[in-house]
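Okay, here's what each chain looks like letter by letter:
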Amino acid sequence: MTTFPTIASDHLPALLAAIPKAELHIHIEGSLEPEMIFALAQRNGVHLPYDSIEALRSAYAFTDLQSFLDIYYAGASVLLHEQDFYDMALAYLQRAARDNVVRAEIFFDPQTHTARGVAMETVVRGLRRACVDAHAQWGISAALILSFLRHLSEEEAFETLEQALPFLGEFIGVGLDSSELGHPPEKFARVFARCRELGLHVVAHAGEEGPPAYVWAALDVLGAERIDHGVRAVQDALLMQRLARERIPLTVCPLSNVKLRVFPDLARHSLPQLLQAGLAATINSDDPAYFGGYINDNFTQTFAALPQLDARDAWQLAHNSFAASFAPEADKRAWQQQLQACVERVADGG
Ligand code: HPA
Ligand SMILES: [Zn+2]
């Protein structure tokens, strides 16, 4: 965009809500609301160590990534049948469409389920059916990214990849999540090389709790096309230059970062520095049921806490989200045009 229309700051919340956007960092198991955890536990006869929805919700007081992951994996234990995966993903996609998400690239953690005896086929079929139905109902475009658990071994990642081979057409790429510290990207060099040979897109969580060295390794050893989180890159000037020069997208999750104490509060988040340095940052929800908000909550609360962010930044973040997505180029062009039209409509007071 060469000229940017004037948008008064009191129109900013409306703009943030209305702009079409892509969500590129959402763990579908992290969209499981306490109400649905309880409903599925009842439906499937799974015992939960919490007496009520309120008791479960009050356990959501995290001190770091691991303290969150322990509860997140426990919550996922209620998912057993294809319909459970379908219901979870359809609920997320309906909620995302309300936030004007036009494209969602959704992580799923198959090892969390296969370890409990749930078949890969059950997981993938349920999630894919929700993606197809959500597109038909709300026009939202959705795709899946299989994420390996980094606290497990590379051998277990290879076994998971083997189980996923019959479903290669059902997911667009692979990621790397779970406990970051002590599990550097190098641990998964060979399995990611195999995934690249298979033509899959490659992303990885790096620089959430881990050091900038993990971001370098995600790029150079795994061949990551996007970095999930990456907010600690600000500690390394050379890395910042590289991320900016190569326009490597960062999928930033502000509410997650505050809940897991990566930053003490939103006002001290590194997002303005990332944008100022010309990095292709995006805003995402990560695990919205656990971190207190979906994507528009992340946009509005982050902009409210950081008054230096303005309408131009909102446009940039949405623009980056489409540029960084793995959707077909024709779709990306159409969404960029919708974004432009939306900005002009809000500027006109419409
Ligand atoms: O933010 C995260 N980091 C690592 N693993 C995860 N699994 C779900 N959310 C996350
Ligand atoms: Zn994540």
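Residues numbered from 1 in each chain as written. Chains lettered and ligands numbered in written order. Predicted model: local features only at pLDDT ≥ 70, side-chain atom pairs only at ≥ 80, totals over all residues.

Per an unreviewed UniProt entry, the recorded name for the protein chain is Adenine deaminase, and the organism is Comamonas faecalis. Under the UniProt heading Function (unreviewed entry), the entry covering the protein chain gives this text: "Catalyzes the hydrolytic deamination of adenine to hypoxanthine. Plays an important role in the purine salvage pathway and in nitrogen catabolism." Regarding the protein chain, the relevant UniProt record gives this comment under Catalytic activity (unreviewed entry): "adenine + H2O + H(+) = hypoxanthine + NH4(+)". (UniProt positions renumbered as here; feature names shortened; annotations may be inferred.)

I would appreciate a short explanation of the overall build of the protein chain in the present structure.
Per the secondary structure count, the protein chain includes 17 helices and 8 strands. Taken against the 2.2 N^0.38 rule, which gives 20 Å for 350 residues, the C-alpha radius of gyration of the protein chain at 19 Å falls within 12% of a compact globule. The principal-axis extent of the C-alpha atoms belonging to the protein chain is close to 55 × 40 × 40 Å. For the protein chain, the proportion of its 350 residues judged to be buried stands at 48%. Contacts spanning at least 24 positions in sequence make up 77% of the contacts within the protein chain whose residues lie at least 6 apart. (Helix = DSSP H or I, 4+ residues; strand = E, 2+ residues; numbered from the N terminus. Rg over C-alpha atoms; globule rule 2.2 N^0.38 Å. Buried ≥ 20, exposed ≤ 12 C-beta atoms within 10 Å, placed from the backbone. Contact = placed C-beta atoms within 7 Å.)

Can you walk me through the UniProt feature "site: Important for catalytic activity" (unreviewed entry) in the protein chain in this structure?
UniProt feature "site: Important for catalytic activity" (unreviewed entry): in the numbering of this structure it lies at His229. With respect to the helices and strands, histidine 229 occurs in strand S6 (residues 226-229). Among residues more than four places away in sequence, those in contact with histidine 229 are His205, Ala206, Gly207, Glu208, Val252 and Cys253.

How should I be thinking about the UniProt feature "active site" (unreviewed entry) in the protein chain in this particular structure?
The sites that carry the UniProt feature "active site" (unreviewed entry) are, in the present numbering, Glu208. In this fold, glutamate 208 is placed in the loop between strand S5 (201-206) and helix H10 (212-220). For glutamate 208, the contacting residues outside a window of four places in its chain are Leu65, Glu180, His229, Val231 and Val262.

What is the right way to read helix H8 (residues 154-164) from this model?
For the α-helix, the turn length of 3.6 residues means that residues three or four positions removed from each other point alike. For H8, every residue scored as buried is listed here: Ala157, Thr160, Leu161 and Ala164. Within H8, the buried residues cover an arc of 100 degrees as seen down the axis, which keeps them to one side. Along H8, exposed side chains directed more than 90 degrees from the buried face belong to Glu155 and Glu162. If you follow the buried residues of H8, they end up packed against helix H6 (110-114), helix H7 (120-138), strand S3 (141-149) and helix H9 (189-197). (Arc of directions from axis to C-beta.)

I keep staring at the environment of alanine 119 and nothing clicks. Help me out?
Its location among the elements puts alanine 119 in the loop between H6 and H7. When the 13 C-beta atoms within 10 Å are taken as the criterion, alanine 119 is described as partly exposed. Between the C-alpha atom of alanine 119 and that of histidine 135, which follows or precedes it by 16 residues, the distance is 25 Å.

For this particular structure, what's the right way to read the nonpolar core?
In globular proteins that are soluble, nonpolar side chains generally tend to be buried together. Counting residues in hydrophobic clusters, the biggest one holds 105 residues, and the most contacted among them are Ile28, Ala89, Leu93, Ile106, Leu127, Ala218 and Ala281. If one sorts the elements of this core by residue count, helix H16 (residues 311-324) sits on top with 7 residues. Setting aside residues up to four positions removed in sequence, isoleucine 28 forms contacts with Met88, Ala89, Tyr92, Ile106, Phe107, Phe108 and Leu127. (Core = buried A, V, L, I, M, F, W, Y, C linked by C-beta atoms within 7 Å.)

Would you take a moment to explain the sheet that holds S6 for this structure?
Through backbone hydrogen bonds, the strands of a sheet pair up, either in parallel or in antiparallel fashion. Pairing is parallel in the open sheet, where 8 strands are placed in the order S1-S2-S3-S4-S5-S6-S7-S8. Sheet topology places strand S1 (21-27) and strand S8 (281-283) at the edges, where each strand pairs with a single neighbour. If you compare each strand with its neighbour and ignore which way they point, the axes differ by 25 degrees on average. One ladder, built from 5 bridges, connects S1 with strand S2 (residues 101-108); its direction is parallel. The residue of S2 that forms the bridge with glutamate 23 is alanine 104. (Pairing = 2+ DSSP bridges. Axes fitted to C-alpha atoms, helices over the stretch in contact; angles between N-to-C directions.)

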